[in-house]
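A look at the structure
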Amino acid sequence: MKAVILDMYGVILKDSGDGFYSFVNRTFPDLTPADIYPIWDKADVGEISSLEVFKRLGFKGNLCKIEKEYLDTVEIDESFFEFASSIKKYYKLALISNDSSEWSRYFRDKYKINDYFDVITVSGDIKIKKPDKQIFKHTLEKLGCLASDCTYIDDRRYNLAAAQALGMDTILFNSRNVEYDGKAVTNFKELANRLIVK
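Anyway, here's the lowdown on the structure attached to this text. Values in this document were obtained by computation on a predicted structure and should not be read as measured data.

**Looking at the sheet that holds strand β4 (residues 150-154)**
Hydrogen bonds along the backbone pair up the strands of a sheet, which may run parallel or antiparallel. Read across the sheet, six strands follow the order β3-β2-β1-β4-β5-β6 without closing on themselves; strand pairing throughout is parallel. Because the sheet does not close on itself, it has two edges, and the strands there are β3 (119-122) and β6 (184-185). Here strand β1 (residues 3-6) pairs with β4 via four bridges, running parallel. Its bridge partner lying in β4, I5 is registered against Y152.

**A look at the packing of aromatic side chains**
In total, this model carries 24 aromatic pairs according to the counting rule given. A ring pair is formed by F23 and F59, whose centres lie 6.3 Å apart and whose planes are at 25 degrees; its orientation type is stacked. Separated by 36 residues along the polypeptide, F23 in helix α1 (residues 18-27) and F59 in the loop between α3 (50-57) and α4 (63-71) bring together distant segments of the chain.

**Details of α4**
A turn of α-helix holds 3.6 residues, and therefore any two residues three or four places apart point the same way. Every buried residue of α4 is listed here: L63, I66, E67, Y70 and L71. In an axial view of α4, the angular spread of the buried residues amounts to 135 degrees, which keeps them on one side of the axis. Structurally, α4 contributes buried residues whose contacts are with α1, α3 and α6 (101-110). For α4, the N-terminal capping position is held by N62, with its side-chain oxygen 3.2 Å away from the main-chain nitrogen of C64.

**Regarding the layout of surface pockets**
Quantified by volume, the largest pocket comes out at close to 370 Å³. Residue lining of the largest pocket: 17 residues in total, with S16, D44, N98, R156 and Y158 positioned closest to the centre. Taken together, the elements giving at least two residues each to the lining of the largest pocket come down to α2 (33-44) and α9 (157-166). The dominant element in the lining of the largest pocket, judged by the number of residues it contributes, is α2, at four residues. Among the residues making up the lining of the largest pocket, the classes are represented as four nonpolar, four polar and nine charged.

**Brief notes about the pattern of salt bridges**
By the definition in use, this model includes 15 salt bridges. Linking D41 and K129 is a salt bridge whose minimum nitrogen-to-oxygen distance equals 2.9 Å. On the criterion of sequence distance, the pair formed by D41 in helix α2 and K129 in the loop between α7 (123-126) and α8 (133-143) is long-range, its members being 88 residues apart. Given the relative accessible area of 21%, K129 is considered partly exposed. The salt bridge involving D169 is made with K183; its shortest N-O contact spans 2.7 Å.

Analysis parameters
- Residues numbered from 1 in each chain as written.
- Predicted model: local features only at pLDDT ≥ 70, side-chain atom pairs only at ≥ 80, totals over all residues.
- Heavy atoms only, no water.
- Pairing = 2+ DSSP bridges.
- Helix = DSSP H or I, 4+ residues; strand = E, 2+ residues; numbered from the N terminus.
- Phe/Tyr/Trp six-rings, centres within 6.5 Å; stacked < 30°, edge-to-face > 60°.
- Buried < 20%, exposed > 50% of the residue type's maximum accessible area, 1.4 Å probe, protein only.
- Arc of directions from axis to C-beta.
- Contact = heavy atoms within 4.5 Å.
- Polar contact = N/O pair within 3.5 Å; in protein donor to acceptor, adjacent residues only side chain to side chain.
- 1 Å grid on protein atoms, 1.4 Å probe; cavity = no way out; pocket = protein on both sides within 12 Å on 5 of 7 lines; lining within 4 Å.
- Points joined across faces, edges and corners; volume = space filled by probe spheres on them.
- Nonpolar A, V, L, I, M, F, W, Y, C, P; charged D, E, K, R; others polar.
- Salt bridge = Lys/Arg side-chain N within 4 Å of Asp/Glu carboxyl O.

Below is the structure:
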């Protein structure tokens, strides 16, 4: 193995995306996930800005302030830092995140994680999102690795399936406590133990 590729939401960030639905529902209790997530998805592939998401959902006033209020509800898993520092001694480290360009940049700058990664792929930047295989191929090309050289970690089973189809090894980061037949971990310590062969 030459590289480890991580997902962002539900792995590095504690929020798997459900927190956004809860945040919106505080102001608009009648909106359903079917109302909210298709708009968020447009920002995830760079079709609209992150502020436009709030506008289209019906928010009024200072949208920048409202957006920051939401973003600051999202916390990082602090154990990521120790994990990343140790894993970098053995492998390249990459990030593939379904996210708007603006939100991804905000979180990466806020938590100062850019320097941990050799490659960062954000769906809003390249206008392709998981589970589309092209986002994985793009990352592999940037890493200079074959799929068989990499292990991909995500909290969503359908994203793991896409990576497996390309030939990657995969591990479920089971932060949402779902049933899964394959390899799974529940935290970064377990993940390090699986990946680092001493």
